[in-house]
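The primary structure of each chain is shown beneath.
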Amino acid sequence: MDERRILKAELRWVIVVAIAVGLMVIVIITTTLTNALHPPSNVETIDPATLHLAGEFVEANLGAQENDDGTVTVRLVATQFAFVPRCLPVPAGRQVTLRVTSPDVLHGFIVAGTNVNTMVVPGYVAEITTEFDKTGDHLMPCHEYCGLGHSNMWAVLRVLPEEEWNPDENGRMTCDLIP
Ligand SMILES: [Cu+2]
C-alpha cells in the first residue's frame, strides 16, 4: 500500500522534470532559430606571444577593412587594459565579421544593445559574423575581469549610415575618416 503511494509520487516528479527539461529544450531551439544564439564555435589557434610581430593582427592591420565583395572585416586586439583600436566604424546593413584575439589574459567582448558577446581567450581567435541595423554608438566594455585596469577597458563600435562609410583607397576605414 505504502509502496504504491511512493511509486505514484515518484512518477509525478518524473513528469514534472520531463516537462521542465522539455521547456528548456524548446527555449534553446527557439532562441537558436530566432536570435541566432549559439555557443562560440570558432576554434582557430594563434600564438599570443608573436601575434603583434607578423600576420593578421599586426598593428597596421587592425581596424575595419572593406572586402572586395562589400562585406567588412574588423580586426582588434583585446589587451590589458584596452581594445586596439578604441573606435570601430562599421556600415549599417552589411555583413560584418569581427575577429578578436588577446596577447595576455582572458578578456570579454560584448557590443551593447546587440547579441554580439564572446570571450576572448589568449591563444584563440574569436570570430563573430553579424549585421548591425541601428546606426549610432554601441559601448563595448570588457566583461571578463582581466586585472586592476579592467574597469577602464572599453571601446566603441560606431554603426554608420552608408553615406558616412568612406573607406580609403585600400578599403580601410577609421573613425578619423568619418565626415
Ligand atoms: Cu579586459
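Treat the numbers as computed from the prediction; the structure is a model and nothing was measured.

Asker: I tried to follow unusual backbone geometry on my own but got confused; where do I start?
Answerer: As a rule of thumb, non-glycine residues mostly have phi less than zero, and peptide bonds are mostly trans rather than cis. Cis rather than trans, the peptide bond between Q80 and F81 has omega equal to 0 degrees. Position of F81 relative to the elements: it lies in the loop between β2 (72-79) and β3 (82-84). For the peptide bond that leads from V84 to P85, omega is -5 degrees, which places it in the cis range. Mapped onto the elements, P85 comes out in the loop between β3 and β4 (87-91).

Asker: So what exactly am I meant to see when it comes to the nonpolar core here?
Answerer: Taken as a class, soluble globular proteins show a tendency for nonpolar side chains to be buried jointly. One finds V74, L76, A78, L88, V90 and V100 to be the most contacted residues of the largest nonpolar core, which totals 28 residues. Per-element tally for this core: the top contributor is β2, with 5 residues. When sequence neighbours within four positions are dropped, the list of residues in contact with V74 reads G63, A64, L88, V90, V96, L98 and R99.

Asker: It is not clear to me how the domain arrangement of the protein should be interpreted in this structure. Could you clarify?
Answerer: Size of an interface: often given as the accessible area lost when the parts come together. When the domains of the protein are assigned, the result is domain 1 (1-38) and domain 2 (59-177). In this structure, domain 1 and domain 2 have C-alpha centres spaced 40 Å apart.

Asker: Please explain the sheet that holds strand β9 (residues 136-141) as it appears in this structure.
Answerer: Strand pairing in a sheet is mediated by backbone hydrogen bonds. Such pairs are either parallel or antiparallel. The strand order across the open sheet formed by 3 strands is β4-β10-β9, and the pairing between neighbours is mixed. On the outer flanks of this sheet lie β4 and β9, each paired with one strand and no other. For this sheet, the mean angle separating the axes of adjacent strands, direction not counted, is 25 degrees. When β4 meets strand β10 (residues 154-160), the two strands line up parallel, connected through 5 bridges. When the sheet's bridge partners are listed, C87 is paired in β10 with V156.

Asker: Help me understand the pairing of strand β1 (residues 63-66), please; the structure alone is not making it clear to me.
Answerer: The side chains of a regular strand alternate between both faces of the sheet. Pairing analysis gives 4 bridges linking β1 to β2, with the strands arranged antiparallel. Bridging across to β2, A64 finds its partner in V74. A loop of 5 residues connects β1 with β2, the two strands running antiparallel in sequence, and G70 in this loop sits at a positive phi of about 90 degrees. Of the pairings in the sheet, the one linking β1 to strand β11 (residues 172-173) comprises 2 bridges and is antiparallel in character. Among the inter-strand pairings, A64 is bridged to a residue of β11, identified as M173.

Asker: Explanation requested: the environment of A60 in the structure shown.
Answerer: Mapped onto the secondary structure, A60 falls in the loop between α1 (2-35) and β1. The exposed category is assigned to A60, around which 6 C-beta atoms lie within 10 Å. Separated by 47 residues in sequence, A60 and H107 place their C-alpha atoms 22 Å apart.

Asker: So what exactly am I meant to see when it comes to α1 here?
Answerer: For an α-helix, 3.6 residues make a turn, and residues three or four places apart therefore share a direction. Here α1 is 34 residues long and its end C-alpha atoms lie 49 Å apart, about the 50 Å a rise of 1.5 Å per residue gives. Counting buried positions over the 34 residues of α1 gives 0, only a small fraction of the element. Phi turns positive one or two residues past the end of α1, at A36, with a value near 55 degrees.

Asker: Is there a simple way to think about the environment of F81 in this case?
Answerer: The exposure class assigned to F81 is partly exposed, which follows from the 17 C-beta atoms found within 10 Å. Once the C-alpha coordinates of F81 and I6 are considered, the two residues, 75 residues apart in sequence, prove to be 59 Å apart. Each residue touching F81, except ones within four places of it in the same chain, is listed here: C146, G147, G149, H150, N152 and M153.

The rules behind the values
- Residues numbered from 1 in each chain as written.
- Predicted model: local features only at pLDDT ≥ 70, side-chain atom pairs only at ≥ 80, totals over all residues.
- Helix = DSSP H or I, 4+ residues; strand = E, 2+ residues; numbered from the N terminus.
- Core = buried A, V, L, I, M, F, W, Y, C linked by C-beta atoms within 7 Å.
- Buried ≥ 20, exposed ≤ 12 C-beta atoms within 10 Å, placed from the backbone.
- Contact = placed C-beta atoms within 7 Å.
- Domains from an automatic or database assignment.
- Pairing = 2+ DSSP bridges.
- Axes fitted to C-alpha atoms, helices over the stretch in contact; angles between N-to-C directions.
- Expected span 1.5 Å × (residues − 1).

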